Amino acid sequence: MEFNAYLDGLPIYEPGKDIDAVAREYGVKDVIKLASNENALGTSAKVIEAIKQNAHLAHLYPDDNMSELKEKIAQKHKIKTTNIIIGAGSDQIIEFLSHAKLNSKNAYLQCGISFAMYGIYAKHCSAKAYKTTSKTHDLQELKELYKKHKDEIKVVYLCIPNNPLGDCLDKDEVYDFIKFCDKDCVVALDCAYNDFAAFKDSKKKIDAKDLLDNFDNVLFLATFSKLYGLGGLRIGYGIANKELIQSLYKIRAPFNVSNLSLKAAVAALDDEDFVKRTLNTNFNEMKRYEKFAKEFEISYINSYTNFITYIFEKKNTNDLCEKLLKKGIIIRNLQSYGMNAVRITIGKSEDNDRFFDEFSKIYVL
Ligand SMILES: *Cc1c(COP(=O)(O)O)cnc(C)c1O
């Protein structure tokens, strides 16, 4: 059978091994997953309660205006509800943006290594990709590449901070870059981990309202999957000027987010204590990962997220990851990005203890 040509260049997404699969395949109990940047503390008790309270609504289609959640998000960012679009994860907003702006005659720009979905959705639209030679965000190089292909580039992704490497531009650098871009080019600021970055260094904080006040061509992306612990519920959002939001809306299918996800997200925004505990735990546990790396002379990227990237010179990460799996520990191998490196999600204290213990034994062998 013949399919659209753009499918030829598209691999089927390979999800990392999940806990049950590892338990089965390797015959280990108590598997821990430090691979998908999920919340170390799990899901907030208040969210679980909200899901239970609303479970009886499962037969109903959700409120397609999503008014309750939009009001909450609008309050949080001090913006209007007409500046918000909600998706099944911020992934889906990236998909909408790609379909709204990209096609076979234009291109998007990103740094050397960034979130894989930018490239995948661009391929759905047969658009070209420009990537800097620098793996992390290098403002100068991004500008040069943009300038060179200015007429072609219609979307730029800045991942603030960057997944899977953890690097993060300063807010001033981000603004400098936005000002450098054409009005017809959308600069998408992927802020999936921005709260983690701002907690560590206020120079990294991206403010959605300030963006709206200053730029018409910026899309701010946020997710409930990481800091708010709702990865399994698939919910995220985008903030932009009304015209851009309305264009994205044309691509959205009705009822794209489930009613229980909407209720959970409202409860998640209300639980400030959970958010604070998540940020504090991550900050403190991150220090242990840095100390561990120094002790074993492993290089790492200074991270502004809830994960850390360890880079290896001699030891092969395929081998390291396989040995860890046998011990019931899942981390993310970055070989598929062409790096002999691993990305480790900062877990809760006990899980990190176990990682340090097992990893040190494997590493010195
Ligand atoms: C996790 C993540 C997202 C969004 O994930 P969803 O679960 O689809 O909301 C977006 N960008 C980056 C960089 C991420 O790491």
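Our subject is the structure that appears above.
Residues numbered from 1 in each chain as written. Predicted model: local features only at pLDDT ≥ 70, side-chain atom pairs only at ≥ 80, totals over all residues. Heavy atoms only, no water.

## So, the site of the ligand
And step 1. For the ligand, the set of nearby residues contains 13 residues, the closest of which are D190, Y193, T223, S225 and K226.
And step 2. Here S90 contributes a backbone N or O atom positioned 2.7 Å from an oxygen atom of the ligand.
And step 3. Here an oxygen atom of the ligand sits 3.2 Å away from a polar atom, N or O, in the main chain of D91.
And step 4. In the complex, the protein chains occlude 95% of the 380 Å² of accessible area that the ligand would expose alone.
And step 5. A breakdown of the residues in the shell around the ligand according to their chemical character gives 4 nonpolar, 5 polar and 4 charged. (Near = heavy atom within 4 Å. Polar contact = N/O pair within 3.5 Å; in protein donor to acceptor, adjacent residues only side chain to side chain. Areas by Shrake-Rupley, 256 points an atom, 1.4 Å probe, with all protein chains shown as cover. Nonpolar A, V, L, I, M, F, W, Y, C, P; charged D, E, K, R; others polar.)

## Description of the sheet that holds strand β6 (residues 186-190)
And step 1. Pairing is mixed across the open sheet formed by 7 strands, whose spatial order is β2-β8-β7-β6-β5-β3-β4. Of all strands in the sheet, those with a lone pairing partner are β2 (84-87) and β4 (128-131), marking the two edges. Between one strand and the next, the sheet's axes are offset by a mean angle of 20 degrees, whatever the strand orientation.
And step 2. Inspection of the sheet shows strand β5 (residues 153-159) paired to β6 by 5 bridges, in the parallel sense. Bridge assignment links Y157 to a residue of β6, and that residue is A188.
And step 3. Along the sheet, helix α5 (residues 116-124) contacts β3 (107-110), β5 and β6; its crossing angle with β3, the most-contacted strand, is approximately 175 degrees. (Pairing = 2+ DSSP bridges. Helix = DSSP H or I, 4+ residues; strand = E, 2+ residues; numbered from the N terminus. Axes fitted to C-alpha atoms, helices over the stretch in contact; angles between N-to-C directions. Contact = heavy atoms within 4.5 Å.)

## Some remarks on the environment of D176
And step 1. Of note, D176 is situated in helix α7 (residues 171-180).
And step 2. C-alpha of D176 to C-alpha of V22: the two residues are 154 residues apart in sequence and 45 Å apart in space.
And step 3. Apart from the residues lying within four places of it in its own chain, the contact partners of D176 are L139 and K143.

## Notes on the sheet that holds strand β1 (residues 32-34)
And step 1. Across the sheet, which stays open at both edges, the 5 strands sit in the order β1-β11-β12-β10-β9 with mixed pairing between neighbours. Where the open sheet ends on each side, the last strands, each with one partner, are β1 and β9 (299-300).
And step 2. When strand β10 (residues 307-311) meets strand β12 (residues 341-345), the two strands line up antiparallel, connected through 5 bridges. Bridging across to β12, F307 finds its partner in T345.

## Some words on a nonpolar patch on the surface
And step 1. A cluster of nonpolar side chains, namely M1, F3, Y6 and L7, defines an oily patch on the protein surface of about 490 Å² accessible area.
And step 2. Within the fold, M1 resides in the segment before α1 (19-26).
And step 3. Take M1: its relative accessible area is 90%, and that puts it in the exposed class. (Patch = residues over 30% accessible without salt bridge, like charges linked within 9 Å, V, L, I, M, F, W, Y side chains within 5 Å. Salt bridge = Lys/Arg side-chain N within 4 Å of Asp/Glu carboxyl O. Buried < 20%, exposed > 50% of the residue type's maximum accessible area, 1.4 Å probe, protein only.)

## Here we look at unusual backbone geometry
And step 1. Residue P161 is bonded to the preceding I160 through a cis peptide linkage, with omega at 0 degrees.
And step 2. Here P161 shows up in the loop between β5 and α7.
And step 3. Geometrically, the link from N163 to P164 is a cis peptide bond, its omega value of 15 degrees lying close to zero.
And step 4. On the secondary structure map, P164 appears in the loop between β5 and α7.
And step 5. Although it is not a glycine, N37 sits at a positive phi angle of roughly 60 degrees.

## Points about the nonpolar core
And step 1. Formed by 62 residues in total, the largest nonpolar core has its most connected members in L69, I86, L158 and L189.
And step 2. Broken down by element, the residue count for this core peaks at 7 residues, all from helix α11 (residues 259-270).
And step 3. Here this core spans two domains, and each of domain 1 (5-43 + 273-364) and domain 2 (45-270) adds at least three residues to it.
And step 4. Those residues within four positions of L189 in sequence are excluded, and the remaining contacts are L158, V174, I178, I206, L211, V218, L219, F220 and L221. (Core = buried A, V, L, I, M, F, W, Y, C linked by side-chain atoms within 4.5 Å. Domains from an automatic or database assignment.)

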